[in-house]
Amino acid sequence: FAGYENFAKSLSAKVDINKYFPCLREGTPCIAKQLPALLAAAWRRPSTSAEVDTLTALYNDFSKDGLNSDTAARTIFEAVVLSHNFLYRSELGTMQADNSFVLTDYELASALSYTLWRRPPNDELRKMAAAGEIGKPNAIRPLAEKMMNDPSAKAAWKDFGGQWLEIGRIDTTTKKAAPEFTPVVKAKMAAEARDFVSEILFDAPEKTYKALLTSDYTTADPALDYIYEAKSVSGKTTYAQAERRGI
């Protein structure tokens, strides 16, 4: 928990607090008025009146204890970030008549956004959730396809590919017998791994797991030609050795 606490303190110290509470000079009424928008963005769902009242009362207590408005507001910001509503994504859903559970539109928006974009839902997704459009029959697939066509998806899946293939290990690898294995080459290899996953998922003729494992080319930089004993052409290198395939 100490790590989360330090993160919250660091974040609250850096933010432009007037962006979230532009009327801060008004004190407690401003906090009560602005909290719903902040909580909706941070917690990825509308807040309840009880949640707003609790945080507003906390701000009021801080003010009574002598904290100035800026410090009190930043402390409230910390509380928002440290809440389980921020730290965890809800997938509890709502109970149906048959005792099954169905995810809410807000939960679906978060599930889609974190899965496909690796980030919180944007304004468009939040608006769709508020209108109850995401949970409608046959709504998920076209929405997911639209999201996968967004540049954010490609960046997210590059990042996923890097984590999945543990490319961080490249940077800590040393090869004393290979002086050409420089930091530049390491960076190019790391980029190759991320780019290859993205290439297969988004641009290859065959966007399948099989292609990921059996492709006869890679997305290598010319700096890696000596490794593959082949020339990189337009960002792609066709393997010279038949035994080289995919990742």
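Per-chain numbering applies: the sequence of each chain, read as written, is numbered from 1 onward. In keeping with the predicted nature of the model, local features appear solely for residues at pLDDT of at least 70, side-chain atom pairs appear and are counted solely at 80 or more, and the whole-chain, interface and lining totals rest on all residues. Side-chain metrics rest on all non-hydrogen atoms present in the structure, leaving aside hydrogens and water.

Engineer: A description of the layout of surface pockets should follow, citing residues and the corresponding values.
Structural biologist: What the largest pocket holds in volume is close to 420 Å³. Think of it as three bins: nonpolar holds Ala, Val, Leu, Ile, Met, Phe, Trp, Tyr, Cys and Pro, charged holds Asp, Glu, Lys and Arg, and polar takes everything else, Gly as well. Counted by class, the lining of the largest pocket contains 10 nonpolar, two polar and five charged residues. Every definition here rests on a 1 Å grid over the protein atoms only: cavities are sets of points where a 1.4 Å probe fits but cannot get out, pockets are open sets enclosed by protein on both sides within 12 Å along at least five of seven lines, and lining residues have some atom within 4 Å of a point. Grid points are joined across faces, edges and corners, and a volume is the space filled by probe spheres set on the points. When its volume is computed, the second largest pocket comes out at roughly 250 Å³. In the lining of the second largest pocket, the residues fall into four nonpolar, seven polar and four charged.

Engineer: Outline the nonpolar core, supporting the account with residue identities and numerical values.
Structural biologist: Grouped burial of nonpolar side chains is what soluble globular proteins tend to show. If you look at the biggest cluster of nonpolar residues, it comprises 23 residues, and the most contacted ones within it are Phe21 and Leu35. Going through the elements one at a time, helix H3 (28-43), helix H4 (49-64) and helix H5 (69-82) are the ones with two or more residues in this core. Think of it this way: any DSSP run of H or I at least four residues long counts as a helix, any run of E at least two long counts as a strand, and we number them from the N terminus. The greatest single-element share of this core, amounting to seven residues, is contributed by H3. Among the buried residues, those of types Ala, Val, Leu, Ile, Met, Phe, Trp, Tyr and Cys that are joined through side-chain atoms within 4.5 Å form a nonpolar core. Burial here depends on accessible area, computed with a 1.4 Å probe over protein chains only, as a share of the maximum for the residue type. Under 20% is buried, over 50% is exposed, and the range in between is partly exposed. Within the second largest apolar cluster, 16 residues are counted, among which are Ala129, Leu143, Ala144 and Phe202.

Engineer: Can you lay out the sheet that holds strand E4 (residues 232-233) for me, pointing to particular residues and giving the numbers?
Structural biologist: Paired strands, in this sense, are two strands between which DSSP finds at least two bridges. Read across the open sheet, the three strands follow the order E3-E5-E4; overall the sheet is antiparallel. Strands at the two margins of the open sheet, each flanked by one partner only, are strand E3 (217-218) and E4.

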